[in-house]
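What the coordinates show
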Amino acid sequence: METVVWSKPEDERAGTPLLVMMHGYGTDESRMVNLFPHLPQDFTCAALRAPTDIGDHYGWFLLDYFLTNDFADVIAVTNKVADWINTVKGQHTSVSLLGYSQGMAMASTLLRLRPQEYRAVVGLSGFVLDNELLSISESFESPPPFFWGRDKADLVINEEAIAFTEEWLHRNTQLTARTYPGMGHAMCKAEMVDVSAFLRHYVLR
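Just so you know, these numbers come straight off a predicted model, no measurement behind them. Within each chain, residues carry numbers counting from 1 in the order of the written sequence. Only residues with pLDDT of 70 or above have their local features reported here, since the model is predicted, and side-chain atom pairs are shown and tallied only from 80 upward, although totals for entire chains, interfaces and linings are computed over all residues. Only hydrogens and water are removed before side-chain values are computed, so all heavy atoms of the structure are retained for them.

What about the overall build of the protein?
Helix and strand assignments follow DSSP, with helices taken as H or I runs no shorter than four residues and strands as E runs no shorter than two, numbered in order from the N terminus. Helix and strand content of the protein: six helices and nine strands. Two things to know: the radius of gyration comes from C-alpha atoms, and the globule rule equals 2.2 Å times the number of residues to the power 0.38. The C-alpha atoms of the protein give a radius of gyration of 16 Å, which matches the 17 Å a tight globule of 205 residues would have. The cut-offs for exposure are 20% and 50% of the maximum accessible area for each residue type, with area from a 1.4 Å probe on protein chains only; residues under the lower value are buried, those over the upper are exposed, and the others partly exposed. Out of the 205 residues belonging to the protein, those deemed buried represent 53%. Note on contacts: a residue pair qualifies if any of its non-hydrogen atoms lie within 4.5 Å across the two residues. Here the analysis covers contacts within the protein between residues at least 6 apart in sequence; of these, 78% occur between residues at least 24 apart. Just so you have it, the protein exposes about 9400 Å², and 49% of that area is on carbon and sulfur atoms. Accessible areas in this description were obtained via Shrake-Rupley with a 1.4 Å probe; residue shielding takes into account the shown protein chains only.

Here's what the structure looks like:
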């Protein structure tokens, strides 16, 4: 990862839980940096910039409205993020993931490929990839804690993707699902309160 913004200076990160944060399609890491003040200060947060240029912004892999994607691209960028996590995780007590929009697809794919690596996962206004190869290979010894926040009226994530995401999360995770009417395809302060409570419960206690 060429660009990473941290919530703590390097000399204050050791011995803290790590929260790896991934932004949505067509934006950048600043969207995640804005969340730092609203998350538990016990965490070290790392906001990553996606590697693919999308106009003046960035994405994790190319995507259209129907969420069509090249699976080889998805796996390549997921492995790139996982390799970066491996370079920093040794100084942290645990690793959790937070992804917004396309970043939720990244977070859930990381979880599917390496479920034992992550303490908890947060997905905001996003989706889980419907992919047969991922489904065949995934195996969870125990359901991982997963927070899913969204607005039911969000028009960006299509109905088929929401239906698959809901079914997959209920089947595979220890799910905390919350909805926020009027939020749209965004994040809100009430959601951050719930996310913080979730992280405290599953990571800090």
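A short note on the pattern of salt bridges
Salt bridge, as used here, is a side-chain nitrogen of Lys or Arg placed within 4 Å of a carboxyl oxygen of Asp or Glu. Scanning the entire structure with this criterion turns up three salt bridges. Of the charged contacts, one joins glutamate 117 and lysine 89 as a salt bridge, the two residues approaching to 2.6 Å between their closest N and O atoms. Residue glutamate 117 is located in the loop between helix H3 (102-113) and strand S7 (121-124), and its partner lysine 89 is located in the loop between helix H2 (71-88) and strand S6 (95-100); the two are separated by 28 residues in the primary sequence.

A few points about the nonpolar core
We call a set of buried residues a nonpolar core when its members are Ala, Val, Leu, Ile, Met, Phe, Trp, Tyr or Cys and they connect through side-chain atoms within 4.5 Å of each other. Ranked by size, the top nonpolar core spans 41 residues in total, and within it Met22, Trp60, Phe61 and Leu97 carry the most contacts. Of all the elements in the fold, those that place two or more residues in this core are strand S2 (18-22), strand S3 (44-48), H2, S6, H3, strand S8 (145-150) and helix H5 (159-172). In terms of residues, this core owes the most to one element, H2, which gives seven residues. Core analysis: the next-biggest nonpolar cluster, separate from the first, contains 24 residues, Met21, Phe43, Leu98 and Met192 among them.

Digging into the sheet that holds S3
Within a beta sheet, neighbouring strands are joined by backbone hydrogen bonds and run either parallel or antiparallel to one another. Taken in spatial order, the seven strands of this open sheet run S1-S3-S2-S6-S7-S8-S9, and their pairing is mixed. Each end of this open sheet is capped by a strand with a single partner; those strands are strand S1 (4-6) and strand S9 (174-179). Strand-to-strand twist in this sheet, taken as the mean axis angle between neighbours without regard to direction, amounts to 15 degrees. Pairing between strands is defined by DSSP: at least two bridges between them are needed. Of the pairings in the sheet, the one linking S2 to S3 comprises five bridges and is parallel in character. Bridging from a neighbouring strand, methionine 22 pairs with leucine 48 of S3. Axis angles are defined between N-to-C directions and span 0 to 180 degrees, where every axis is a line fitted to C-alpha atoms and, for a helix, only to the segment in contact. Against the sheet, H2 makes contact with S1, S2, S3 and S6, and its axis sits at roughly 155 degrees relative to S2, the strand it touches most. The strands that H5 touches are S8 and S9; relative to S8, the one it contacts most, it runs at about 155 degrees.

Concerning the packing of H3 against H5
How two helices pack is summed up by the angle between their axes together with the distance between the axes. Relative to each other, H3 and H5 sit at 35 degrees, their axes nearing to 13 Å. When the axes of H3 and H5 are compared, the crossing they make is left-handed. Contact residues: H3 offers Met104, Leu111 and Arg112, while H5 offers Phe164, Thr165, Trp168 and Leu169. Within the contact of H3 with H5, the residues separate by chemical class into five nonpolar, one polar and one charged. For a crossing to be left-handed, the near helix must be turned anticlockwise from the far one by less than a right angle; the clockwise case is right-handed. Under the scheme applied here, ten amino acids are nonpolar (Ala, Val, Leu, Ile, Met, Phe, Trp, Tyr, Cys and Pro), four are charged (Asp, Glu, Lys and Arg), and all others, including Gly, are polar.

A short note on the pairing of S2
The buried fraction of S2 is high, at five of five residues. Where burial is concerned, the two faces of S2 agree: the one with Leu18, Val20 and Met22 and the one with Leu19 and Met21 are both buried.

Topic: the environment of histidine 170
Tracing the backbone through its elements, the reader meets histidine 170 in helix H5. For histidine 170, a relative accessible area of 54% gives the class exposed. As a C-alpha pair, histidine 170 and phenylalanine 146 span 24 residues in sequence and 9.7 Å in three-dimensional space.

Looking at H3
Residues three or four positions apart in an α-helix share a direction because the helix packs 3.6 residues into each turn. Expected span, for any helix, means 1.5 Å times one less than how many residues it has. Along its 12 residues, H3 runs 17 Å from first to last C-alpha, staying within 8% of the 16 Å computed at 1.5 Å per residue. Across the 12 residues of H3, 11 count as buried, placing the element largely inside the fold. Along H3, the positions that sit buried rather than exposed are Gln102, Gly103, Met104, Ala105, Met106, Ala107, Ser108, Thr109, Leu110, Leu111 and Arg112.

Quick notes on the environment of valine 5
Relative to the elements of secondary structure, valine 5 occurs in strand S1. With a relative accessible area of 28%, valine 5 lands in the partly exposed category. Expressed as a C-alpha distance, the spacing of valine 5 and serine 108, which sit 103 residues apart in the sequence, is 21 Å.

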